[in-house]
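Chain and residue survey
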Amino acid sequence: MLLDTSLWIDFTRVRSPAPLKQFIAPFVLDPEAHLAEPVRFELLRSARPHETRQLEAQFATLPTLPTPADLWQRAIDLGQGCRQIGRTVLSLDLLVAAVALHHNAVLVSFDADFEAIASVSELRLQRLERPV
């Protein structure tokens, strides 16, 4: 299971409501949970120093799925597939999906863009809805 950036943002954001954090916690604490370098990059590139320390501590508890050698070509192919169905997907989402596909990992996310990727690939997606 690969946790997408959207879960980490809601889980670590100070202003996220407690019920949302409680909803996400079982995914973060699941022994099958993994991290991917594109997710790590997306979260840490704009984190404040105290946020970076918190995230790095949490990331240290998770195994990281190795980045495949053909990551860029896989992401290109996914992006072109999405364009063929009229969807433009963010580049980092394509990279995350490429890692998940390479490892046949279930991608857990709140992000609807992954549905487009799943529709043009074998991506195994567990799309979550934020609790109200």
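Scroll up for the structure.
Right, let's walk through the structure included here. The structure displayed is predicted, hence computed values, not measured ones.

Definitions and cut-offs
- Residues numbered from 1 in each chain as written.
- Predicted model: local features only at pLDDT ≥ 70, side-chain atom pairs only at ≥ 80, totals over all residues.
- Heavy atoms only, no water.
- 1 Å grid on protein atoms, 1.4 Å probe; cavity = no way out; pocket = protein on both sides within 12 Å on 5 of 7 lines; lining within 4 Å.
- Points joined across faces, edges and corners; volume = space filled by probe spheres on them.
- Helix = DSSP H or I, 4+ residues; strand = E, 2+ residues; numbered from the N terminus.
- Nonpolar A, V, L, I, M, F, W, Y, C, P; charged D, E, K, R; others polar.
- Axes fitted to C-alpha atoms, helices over the stretch in contact; angles between N-to-C directions.
- Parallel < 35°, antiparallel > 145°, perpendicular 65-115°, else oblique.
- Left-handed = near helix turned anticlockwise from the far one by under 90°.
- Contact = heavy atoms within 4.5 Å.

**Brief notes about the layout of surface pockets**
- Of the voids in this model, the largest pocket is the one considered here, and its volume is about 340 Å³.
- If you trace the largest pocket, you find 15 residues lining it, with Ile9, Thr12, Leu43, Ala47 and Glu51 closest to the centre.
- Among the elements that make up the lining of the largest pocket, the one with the highest residue count is helix α4 (residues 49-59) (four residues).
- When grouped by side-chain class, the residues that make up the lining of the largest pocket number five nonpolar, five polar and five charged.

**Focus: the packing of helix α1 (residues 5-12) against α4**
- Remark: α1 packs on α4, axes separated minimally by 12 Å, with the N-to-C direction vectors making an angle of 125 degrees. Taken together, α1 and α4 sit at an angle that is classed as oblique. Crossing of α1 over α4 shows right-handed handedness. Contacts from Trp8, Phe11 and Thr12 in α1 reach Gln54, Leu55, Gln58 and Phe59 in α4.
- Of the residues in the contact of α1 with α4, the class split is four nonpolar, three polar and no charged.

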